[in-house]
Amino acid sequence: WHAPYTEVPTEYPIVNLPVILLPSFGADGFDAYAFRLGLLMGSLLLAAAALAIRAQPGRGVGERWWSMAALLFAQGGLAVQRLDALTAFLLAWTLWAAAERRRATTGVALGLATGVKLLPSLLVPPLALADREAWRTRPARLRGALGFAFAVSLTLGPMLLIPGALSQVLQYHNARGLHVESTFATLLGIWRLLTGTSVPATLSFGSFNLDGPTASALARLCTPLMILSFA
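What counts, and at which threshold
Residues numbered from 1 in each chain as written. Predicted model: local features only at pLDDT ≥ 70, side-chain atom pairs only at ≥ 80, totals over all residues. Heavy atoms only, no water. Core = buried A, V, L, I, M, F, W, Y, C linked by side-chain atoms within 4.5 Å. Buried < 20%, exposed > 50% of the residue type's maximum accessible area, 1.4 Å probe, protein only. Helix = DSSP H or I, 4+ residues; strand = E, 2+ residues; numbered from the N terminus. Contact = heavy atoms within 4.5 Å. Expected span 1.5 Å × (residues − 1). Axes fitted to C-alpha atoms, helices over the stretch in contact; angles between N-to-C directions. Parallel < 35°, antiparallel > 145°, perpendicular 65-115°, else oblique. Left-handed = near helix turned anticlockwise from the far one by under 90°. Nonpolar A, V, L, I, M, F, W, Y, C, P; charged D, E, K, R; others polar. Pairing = 2+ DSSP bridges. Phe/Tyr/Trp six-rings, centres within 6.5 Å; stacked < 30°, edge-to-face > 60°. Polar contact = N/O pair within 3.5 Å; in protein donor to acceptor, adjacent residues only side chain to side chain. Salt bridge = Lys/Arg side-chain N within 4 Å of Asp/Glu carboxyl O.

Asks: Describe the nonpolar core, naming the residues involved and giving the relevant values.
Replies: Generally speaking, soluble globular proteins have nonpolar side chains that are buried together. Grouped together as the largest cluster of nonpolar side chains are 17 residues, with contacts concentrated most on Met41, Leu83 and Leu86. For this core, the leading source of residues is helix α2 (residues 30-54), giving six residues. Apart from the residues within four sequence positions on either side, Met41 is in contact with Val19, Val80, Arg82, Leu83, Ala85 and Leu86.

Right, dumping it as structure tokens:
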């Protein structure tokens, strides 16, 4: 079992704190807390799957649920021991709202996802371009923008009132190494194996990462490549 923030104090914005604390009320010890956290994250994942499946019209609903079950088995217990389930739920809500052309709800859902993990903000341009007809009129764009701004202000606003709070989170992620599960780390690991220069990964920033000048350069390259891939 794993509890968020035990190794890393500043990985996510402050809005995640209520979700972390909720399972602790009335919990008798760590095992009870961890079980409740897993139950909460698992419920969010199932809700996310239901929204994502509902956003896709047509047949094959049963097959999609079997795919979801297979993905959960592939992830194992890790799927319900991290806060990523909350982000997944908010992004699935965004997808459903966009498919239903609920402009204000789309903005609010994406704004909440941004407040939880920052990176979903990059989805604003592709989300608008994927269905230009839905955002063609000024009232539609205004409803979406106001919903997004309201949700971001609600979630990230408290951090803006504390000097250095948001920049601390951004600096933390900027200093992270090359995650072993990333594509670049996989390729670099294979190269090191072939050339006999492999070294063990180090546990830092709450995850296993590859170190060294090449790994650091590839890690820095990930951000502009991610933005380019969205574009």
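Asks: Mind laying out helix α3 (residues 61-75), listing which residues take part and the relevant values?
Replies: For α3, spanning 15 residues, the distance from its first C-alpha to its last is 21 Å, which sits close to the expected 21 Å at 1.5 Å a residue. Phi for Gly76, located one or two positions after α3, is positive at around 75°.

Asks: Mind laying out the packing of helix α5 (residues 103-117) against helix α7 (residues 138-161), listing which residues take part and the relevant values?
Replies: The angle between the axes and the distance between the axes are what describe a pair of packed helices. Axis separation between α5 and α7 bottoms out at 7 Å; the angle between their running directions is 30°. Considering their axes alone, α5 and α7 lie roughly parallel with respect to each other. In the packing of α5 onto α7, the handedness of the crossing is right-handed. In contact with Arg103, Ala104, Gly107, Val108, Leu110, Gly111, Leu112, Thr114 and Gly115 of α5, α7 contributes Ala140, Arg143, Gly144, Gly147, Phe148, Ala151, Val152, Thr155 and Leu156. Its residues assigned to classes, the contact of α5 with α7 shows nine nonpolar, seven polar and two charged.

Asks: Please give an account of the sheet that holds strand β2 (residues 202-204) that cites residues and values.
Replies: A sheet is described by the order of its strands in space; here three strands give the open sequence β1-β3-β2, paired in antiparallel fashion. Lying at the two open borders of the sheet, with one neighbouring strand each, are β1 (178-179) and β2. Bridge analysis of β2 against strand β3 (residues 207-210) gives three bridges, and the strand direction is antiparallel. Bridged to Ser204 within β3 is Ser207.

Asks: Before we move on, can you summarise the pairing of β3 with the specific residues and values?
Replies: Where β1 lies against β3, two bridges are found, and the strand directions are antiparallel. Residue His179 lies in a different strand from β3, and its bridge partner there is Asn209. Linkage of β2 to β3, two consecutive antiparallel strands, is achieved through a turn of two residues, within which Phe205 is found at a positive phi near 55°.

Asks: Help me get a handle on the packing of aromatic side chains, residues and values and all.
Replies: Under the counting rule described, the total for this entry stands at three aromatic pairs. Taken together, a centroid distance of 6.5 Å and an interplanar angle of 25° make the contact between Phe89 and Trp93 stacked. You can see Phe89 and its partner Trp93 sitting in helix α4 (residues 84-99), four residues apart, about one turn around the helix.

Asks: Residues and numbers for the side chain of Gln81, please.
Replies: Along the polypeptide, Gln81 turns up in the loop between α3 and α4. At 3.0 Å, the side chain of Gln81 forms a polar contact with the backbone oxygen of Gly77.

Asks: Give a detailed account of the pattern of salt bridges, specifying residues and quantitative values.
Replies: Enumeration over the complete set of coordinates arrives at three salt bridges. Measuring nitrogen to oxygen at the nearest pair gives 3.1 Å for the salt bridge that ties Glu133 to Arg136. Its relative accessible area of 46% is what places Glu133 among the partly exposed residues. On the basis of relative accessibility, which here comes to 53%, the residue Arg136 falls in the exposed class.

Asks: Can you explain the packing of α4 against α5? Please cite residues and give values.
Replies: Closest axis-to-axis distance for the α4/α5 pair is 8 Å, and the angle between their directions is 160°. Considering their axes alone, α4 and α5 lie roughly antiparallel with respect to each other. Note on packing geometry: the crossing formed by α4 with α5 is left-handed. Residues Asp84, Leu86, Thr87, Leu90, Leu91, Trp93, Thr94, Ala97 and Ala98 of α4 form the contact with α5, whose participating residues are Thr105, Thr106, Val108, Ala109, Leu110, Leu112, Ala113, Val116 and Lys117. Residues that form the contact of α4 with α5 fall into these classes: twelve nonpolar, four polar and two charged.

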